[in-house]
Amino acid sequence: MTSIQSSVPLLQGRGSIDLPAGGSSSVGAAPIADSLPAYTRDPQLALTGKVPSFAVQAGRSLQIVLNGAVVTTTPLDPSGAFNATLALKDGANSIGVALIADRDVVAASSYTVVLDRTPPKMTVDRPAPGATVDAQNIVVAGTTEPGSTITLNDRVVVVTPEGSFTDSLSASQGSVPITVVARDRAGNETTQKLTVIAQQVTQTTGVTVTVTLDKSTVKPGQIVLATIYVVGVTGPRPGVPITLSVGIVQIGTAVTDGTGAARMTFAAPPTEGDASVVVLAGGSSGRASLTVTPR
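Keep in mind that what you see is a predicted model, and the values were worked out from it rather than measured.

So, how was this worked out
Residues numbered from 1 in each chain as written. Predicted model: local features only at pLDDT ≥ 70, side-chain atom pairs only at ≥ 80, totals over all residues. Heavy atoms only, no water. 1 Å grid on protein atoms, 1.4 Å probe; cavity = no way out; pocket = protein on both sides within 12 Å on 5 of 7 lines; lining within 4 Å. Points joined across faces, edges and corners; volume = space filled by probe spheres on them. Nonpolar A, V, L, I, M, F, W, Y, C, P; charged D, E, K, R; others polar. Helix = DSSP H or I, 4+ residues; strand = E, 2+ residues; numbered from the N terminus. Buried < 20%, exposed > 50% of the residue type's maximum accessible area, 1.4 Å probe, protein only. Polar contact = N/O pair within 3.5 Å; in protein donor to acceptor, adjacent residues only side chain to side chain.

(A) Highlighting the layout of surface pockets. Roughly 420 Å³ of internal volume is contained in the largest pocket. Every residue lining the largest pocket is counted, 25 residues in all, and those nearest its centre are Thr-166, Val-246, Gly-247, Pro-269 and Thr-271. Among the residues making up the lining of the largest pocket, the classes are represented as 14 nonpolar, eight polar and three charged. In this structure, the second largest pocket encloses a volume near 250 Å³. Along its surface, the second largest pocket is lined by 14 residues, and Arg-126, Asn-137, Val-139, Val-278 and Leu-280 are the ones closest to its centre. Within the residue set of the lining of the second largest pocket, elements represented by two or more residues are β12 (132-134), β13 (138-144), β23 (241-246) and β26 (273-281).

(B) Representation of the side chain of Ser-284. Residue position: Ser-284 is located in strand β27 (residues 284-292). Assessed through its relative accessible area of 2%, Ser-284 is described here as buried.

(C) Up close: the side chain of Thr-160. As for its position among the elements, Thr-160 is in the loop between β15 (155-157) and β16 (164-169). At 2.9 Å, the side chain of Thr-160 forms a polar contact with the side chain of Ser-164.

What follows is the structure, encoded as C-alpha coordinates:
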(Lines give C-alpha, C1' and ligand atoms only; values in the text may rest on other atoms or scores of the structure.)
Protein backbone atom coordinates (compact mmCIF):
# COMPACT_ATOMS: atom_id res chain seq x y z
CA MET A 1 0.00 0.00 0.00
CA THR A 2 1.31 3.46 -0.94
CA SER A 3 0.38 6.60 0.96
CA ILE A 4 -0.28 9.73 -1.14
CA GLN A 5 -0.60 12.12 1.78
CA SER A 6 2.84 13.64 1.16
CA SER A 7 2.19 13.94 -2.58
CA VAL A 8 -1.02 15.98 -2.33
CA PRO A 9 -0.91 19.12 -0.11
CA LEU A 10 -4.65 19.04 0.56
CA LEU A 11 -4.18 15.72 2.34
CA GLN A 12 -1.41 16.90 4.65
CA GLY A 13 -2.52 17.06 8.27
CA ARG A 14 -5.33 14.58 7.65
CA GLY A 15 -5.49 10.87 8.19
CA SER A 16 -3.44 8.98 5.64
CA ILE A 17 -5.13 7.64 2.55
CA ASP A 18 -3.72 4.32 1.36
CA LEU A 19 -3.70 3.32 -2.25
CA PRO A 20 -3.28 -0.06 -3.92
CA ALA A 21 0.28 -0.76 -5.10
CA GLY A 22 -0.61 0.30 -8.66
CA GLY A 23 -0.89 3.93 -7.54
CA SER A 24 -4.66 4.57 -7.88
CA SER A 25 -7.27 5.04 -5.21
CA SER A 26 -9.87 2.35 -4.63
CA VAL A 27 -12.82 4.61 -5.47
CA GLY A 28 -11.96 4.31 -9.18
CA ALA A 29 -12.21 8.04 -9.86
CA ALA A 30 -8.50 8.68 -9.54
CA PRO A 31 -6.73 10.45 -12.40
CA ILE A 32 -4.81 7.94 -14.51
CA ALA A 33 -1.43 9.02 -15.85
CA ASP A 34 -0.25 7.63 -19.15
CA SER A 35 2.71 5.29 -18.99
CA LEU A 36 5.53 6.80 -16.93
CA PRO A 37 9.09 5.49 -16.85
CA ALA A 38 10.42 4.18 -13.56
CA TYR A 39 13.83 5.64 -14.54
CA THR A 40 14.73 8.45 -16.91
CA ARG A 41 17.74 10.57 -17.83
CA ASP A 42 15.62 13.47 -19.11
CA PRO A 43 14.97 16.13 -16.42
CA GLN A 44 11.86 17.31 -18.28
CA LEU A 45 9.02 14.84 -17.86
CA ALA A 46 5.87 15.09 -19.96
CA LEU A 47 2.96 14.06 -17.74
CA THR A 48 -0.29 13.26 -19.53
CA GLY A 49 -3.36 11.33 -18.56
CA LYS A 50 -7.09 11.37 -18.02
CA VAL A 51 -9.74 11.40 -15.32
CA PRO A 52 -12.37 8.65 -15.75
CA SER A 53 -15.38 10.06 -17.59
CA PHE A 54 -17.86 9.30 -14.78
CA ALA A 55 -15.75 11.45 -12.41
CA VAL A 56 -15.75 14.51 -14.70
CA GLN A 57 -18.16 17.02 -13.12
CA ALA A 58 -18.58 20.77 -13.22
CA GLY A 59 -16.69 22.67 -10.53
CA ARG A 60 -13.97 20.08 -10.10
CA SER A 61 -10.27 20.85 -10.48
CA LEU A 62 -7.10 18.91 -11.11
CA GLN A 63 -4.01 19.43 -8.99
CA ILE A 64 -0.54 18.19 -9.93
CA VAL A 65 2.11 17.99 -7.22
CA LEU A 66 5.84 17.31 -7.61
CA ASN A 67 7.91 16.45 -4.55
CA GLY A 68 5.37 18.02 -2.21
CA ALA A 69 5.05 21.31 -4.14
CA VAL A 70 1.99 22.22 -6.19
CA VAL A 71 2.89 22.55 -9.86
CA THR A 72 -0.55 23.51 -11.07
CA THR A 73 -4.20 23.59 -10.04
CA THR A 74 -6.56 24.06 -12.97
CA PRO A 75 -10.25 23.57 -13.70
CA LEU A 76 -10.89 20.06 -14.94
CA ASP A 77 -11.07 19.83 -18.72
CA PRO A 78 -14.49 18.59 -19.92
CA SER A 79 -12.72 15.68 -21.63
CA GLY A 80 -10.97 14.73 -18.42
CA ALA A 81 -7.56 14.99 -20.10
CA PHE A 82 -4.63 16.64 -18.35
CA ASN A 83 -1.01 17.39 -19.15
CA ALA A 84 1.97 19.14 -17.63
CA THR A 85 5.73 19.32 -18.00
CA LEU A 86 7.56 18.54 -14.77
CA ALA A 87 11.14 19.56 -13.95
CA LEU A 88 12.56 16.57 -12.13
CA LYS A 89 15.34 16.63 -9.55
CA ASP A 90 18.14 14.07 -9.44
CA GLY A 91 17.06 10.91 -7.65
CA ALA A 92 13.53 9.82 -6.76
CA ASN A 93 10.65 12.18 -7.61
CA SER A 94 7.20 11.87 -6.04
CA ILE A 95 4.34 12.83 -8.35
CA GLY A 96 0.76 13.28 -7.19
CA VAL A 97 -2.32 13.91 -9.34
CA ALA A 98 -5.52 14.75 -7.45
CA LEU A 99 -9.13 15.34 -8.48
CA ILE A 100 -10.51 18.12 -6.27
CA ALA A 101 -14.00 19.40 -5.49
CA ASP A 102 -13.76 22.69 -3.61
CA ARG A 103 -11.00 21.84 -1.11
CA ASP A 104 -11.85 18.19 -0.81
CA VAL A 105 -9.83 15.51 -2.56
CA VAL A 106 -12.20 13.24 -4.47
CA ALA A 107 -9.48 10.81 -5.55
CA ALA A 108 -5.75 10.87 -6.20
CA SER A 109 -2.94 8.88 -7.75
CA SER A 110 0.75 8.86 -6.91
CA TYR A 111 3.80 7.84 -8.90
CA THR A 112 7.58 7.76 -8.51
CA VAL A 113 10.09 8.51 -11.26
CA VAL A 114 13.85 8.37 -10.70
CA LEU A 115 16.02 10.88 -12.57
CA ASP A 116 19.44 9.34 -13.22
CA ARG A 117 21.91 11.18 -15.47
CA THR A 118 25.07 9.37 -14.37
CA PRO A 119 26.55 6.74 -16.74
CA PRO A 120 26.94 3.35 -15.08
CA LYS A 121 30.33 2.29 -13.77
CA MET A 122 31.89 -0.58 -15.69
CA THR A 123 35.18 -2.44 -15.46
CA VAL A 124 36.40 -4.96 -18.04
CA ASP A 125 38.75 -7.31 -16.16
CA ARG A 126 39.47 -9.71 -19.04
CA PRO A 127 41.04 -9.61 -21.55
CA ALA A 128 43.74 -6.98 -21.17
CA PRO A 129 44.11 -4.58 -24.11
CA GLY A 130 46.64 -5.95 -26.58
CA ALA A 131 46.66 -9.43 -25.02
CA THR A 132 47.26 -12.54 -27.13
CA VAL A 133 44.28 -14.87 -26.76
CA ASP A 134 42.89 -18.15 -28.08
CA ALA A 135 40.92 -17.31 -31.20
CA GLN A 136 38.36 -20.01 -30.38
CA ASN A 137 37.75 -18.82 -26.83
CA ILE A 138 38.15 -15.09 -26.22
CA VAL A 139 36.77 -14.66 -22.71
CA VAL A 140 35.41 -11.20 -21.79
CA ALA A 141 34.56 -10.61 -18.13
CA GLY A 142 33.95 -7.65 -15.84
CA THR A 143 31.55 -5.85 -13.54
CA THR A 144 28.98 -3.10 -13.82
CA GLU A 145 26.23 -1.53 -11.73
CA PRO A 146 23.50 -3.99 -10.67
CA GLY A 147 20.44 -3.60 -12.89
CA SER A 148 22.45 -2.57 -15.95
CA THR A 149 22.54 -4.46 -19.24
CA ILE A 150 25.72 -5.39 -21.10
CA THR A 151 26.32 -5.85 -24.81
CA LEU A 152 29.50 -7.40 -26.20
CA ASN A 153 30.03 -6.49 -29.86
CA ASP A 154 26.25 -5.82 -30.06
CA ARG A 155 25.35 -9.16 -28.42
CA VAL A 156 23.44 -9.08 -25.12
CA VAL A 157 25.31 -10.67 -22.21
CA VAL A 158 23.72 -12.00 -19.01
CA VAL A 159 24.52 -9.87 -15.93
CA THR A 160 24.29 -11.39 -12.45
CA PRO A 161 22.24 -9.65 -9.74
CA GLU A 162 25.57 -8.46 -8.26
CA GLY A 163 26.61 -6.85 -11.56
CA SER A 164 29.26 -9.28 -12.82
CA PHE A 165 29.26 -10.59 -16.38
CA THR A 166 31.22 -13.03 -18.53
CA ASP A 167 30.95 -14.25 -22.10
CA SER A 168 33.21 -15.59 -24.82
CA LEU A 169 33.50 -15.26 -28.55
CA SER A 170 35.54 -16.76 -31.37
CA ALA A 171 37.31 -14.94 -34.17
CA SER A 172 39.77 -15.35 -37.00
CA GLN A 173 43.47 -14.95 -36.35
CA GLY A 174 44.74 -11.41 -36.07
CA SER A 175 43.55 -8.20 -34.50
CA VAL A 176 40.10 -8.45 -32.89
CA PRO A 177 38.21 -5.32 -31.77
CA ILE A 178 36.01 -5.70 -28.69
CA THR A 179 33.33 -3.20 -27.68
CA VAL A 180 31.55 -3.55 -24.35
CA VAL A 181 28.60 -1.26 -23.56
CA ALA A 182 26.91 -0.95 -20.16
CA ARG A 183 23.44 0.61 -20.18
CA ASP A 184 21.55 1.45 -16.98
CA ARG A 185 17.79 1.49 -16.45
CA ALA A 186 17.60 5.20 -17.29
CA GLY A 187 19.36 4.72 -20.64
CA ASN A 188 22.78 6.13 -19.67
CA GLU A 189 25.66 4.30 -21.34
CA THR A 190 29.33 3.60 -20.67
CA THR A 191 31.44 2.17 -23.50
CA GLN A 192 34.84 0.52 -23.35
CA LYS A 193 36.76 -0.51 -26.45
CA LEU A 194 39.89 -2.64 -26.68
CA THR A 195 41.75 -4.75 -29.19
CA VAL A 196 43.33 -8.19 -28.68
CA ILE A 197 45.47 -10.45 -30.86
CA ALA A 198 43.82 -13.80 -31.61
CA GLN A 199 45.80 -16.91 -32.47
CA GLN A 200 44.69 -20.41 -33.40
CA VAL A 201 46.00 -22.39 -30.44
CA THR A 202 44.60 -25.70 -31.66
CA GLN A 203 46.45 -25.37 -34.96
CA THR A 204 49.84 -24.54 -33.47
CA THR A 205 49.87 -27.41 -30.97
CA GLY A 206 48.48 -30.11 -33.24
CA VAL A 207 45.99 -31.20 -30.55
CA THR A 208 42.22 -31.04 -30.97
CA VAL A 209 39.92 -30.81 -27.96
CA THR A 210 36.23 -31.67 -28.42
CA VAL A 211 33.60 -31.00 -25.74
CA THR A 212 30.11 -32.53 -25.79
CA LEU A 213 27.37 -32.05 -23.20
CA ASP A 214 24.62 -34.54 -22.35
CA LYS A 215 22.15 -31.66 -22.48
CA SER A 216 22.42 -28.22 -24.07
CA THR A 217 19.47 -26.57 -22.29
CA VAL A 218 19.08 -26.83 -18.51
CA LYS A 219 17.53 -25.23 -15.46
CA PRO A 220 19.70 -23.28 -12.97
CA GLY A 221 21.70 -25.71 -10.83
CA GLN A 222 20.87 -28.77 -12.95
CA ILE A 223 23.68 -31.34 -13.25
CA VAL A 224 25.41 -31.53 -16.65
CA LEU A 225 27.80 -34.24 -17.90
CA ALA A 226 30.64 -33.05 -20.11
CA THR A 227 32.57 -35.56 -22.22
CA ILE A 228 35.96 -34.40 -23.48
CA TYR A 229 38.01 -35.99 -26.26
CA VAL A 230 41.67 -35.05 -26.80
CA VAL A 231 43.12 -36.14 -30.17
CA GLY A 232 46.63 -35.52 -31.55
CA VAL A 233 48.07 -36.03 -35.01
CA THR A 234 48.71 -39.69 -34.15
CA GLY A 235 45.30 -40.36 -32.60
CA PRO A 236 43.73 -40.19 -29.11
CA ARG A 237 45.95 -38.70 -26.40
CA PRO A 238 45.74 -40.58 -23.07
CA GLY A 239 47.08 -39.17 -19.80
CA VAL A 240 46.51 -35.51 -20.73
CA PRO A 241 45.54 -33.22 -17.79
CA ILE A 242 42.44 -31.14 -18.54
CA THR A 243 40.77 -28.20 -16.81
CA LEU A 244 37.05 -27.43 -17.21
CA SER A 245 35.54 -24.00 -16.64
CA VAL A 246 32.04 -22.58 -17.03
CA GLY A 247 32.38 -18.93 -17.96
CA ILE A 248 35.19 -17.65 -15.74
CA VAL A 249 34.49 -20.16 -12.96
CA GLN A 250 36.89 -23.11 -12.87
CA ILE A 251 35.01 -26.32 -12.11
CA GLY A 252 37.80 -28.87 -11.75
CA THR A 253 40.47 -31.01 -13.40
CA ALA A 254 40.76 -34.56 -14.76
CA VAL A 255 43.05 -36.75 -16.89
CA THR A 256 42.14 -38.42 -20.18
CA ASP A 257 41.90 -42.20 -20.19
CA GLY A 258 43.34 -44.70 -22.66
CA THR A 259 40.88 -43.59 -25.34
CA GLY A 260 41.79 -39.92 -24.95
CA ALA A 261 38.48 -39.21 -23.18
CA ALA A 262 37.53 -37.69 -19.84
CA ARG A 263 34.15 -37.11 -18.24
CA MET A 264 33.22 -34.43 -15.72
CA THR A 265 29.95 -33.30 -14.15
CA PHE A 266 29.06 -29.80 -12.96
CA ALA A 267 26.04 -27.78 -11.82
CA ALA A 268 24.60 -25.28 -14.30
CA PRO A 269 25.07 -21.59 -13.41
CA PRO A 270 22.38 -20.04 -11.15
CA THR A 271 21.63 -17.23 -13.62
CA GLU A 272 19.68 -17.52 -16.87
CA GLY A 273 21.34 -17.06 -20.27
CA ASP A 274 24.05 -18.61 -22.41
CA ALA A 275 27.22 -19.91 -20.78
CA SER A 276 30.44 -21.17 -22.37
CA VAL A 277 31.88 -24.49 -21.19
CA VAL A 278 35.62 -24.30 -21.83
CA VAL A 279 38.21 -27.09 -21.56
CA LEU A 280 41.98 -26.56 -21.61
CA ALA A 281 44.10 -29.60 -22.46
CA GLY A 282 47.69 -29.96 -23.61
CA GLY A 283 47.98 -26.29 -24.57
CA SER A 284 44.78 -26.42 -26.61
CA SER A 285 41.17 -25.62 -25.84
CA GLY A 286 37.67 -26.72 -26.75
CA ARG A 287 34.29 -25.33 -25.91
CA ALA A 288 30.57 -25.99 -25.91
CA SER A 289 27.56 -23.77 -25.29
CA LEU A 290 25.02 -24.24 -22.51
CA THR A 291 21.70 -22.41 -22.26
CA VAL A 292 20.21 -21.85 -18.80
CA THR A 293 16.42 -21.30 -18.89
CA PRO A 294 13.97 -20.13 -16.19
CA ARG A 295 12.93 -22.60 -13.51
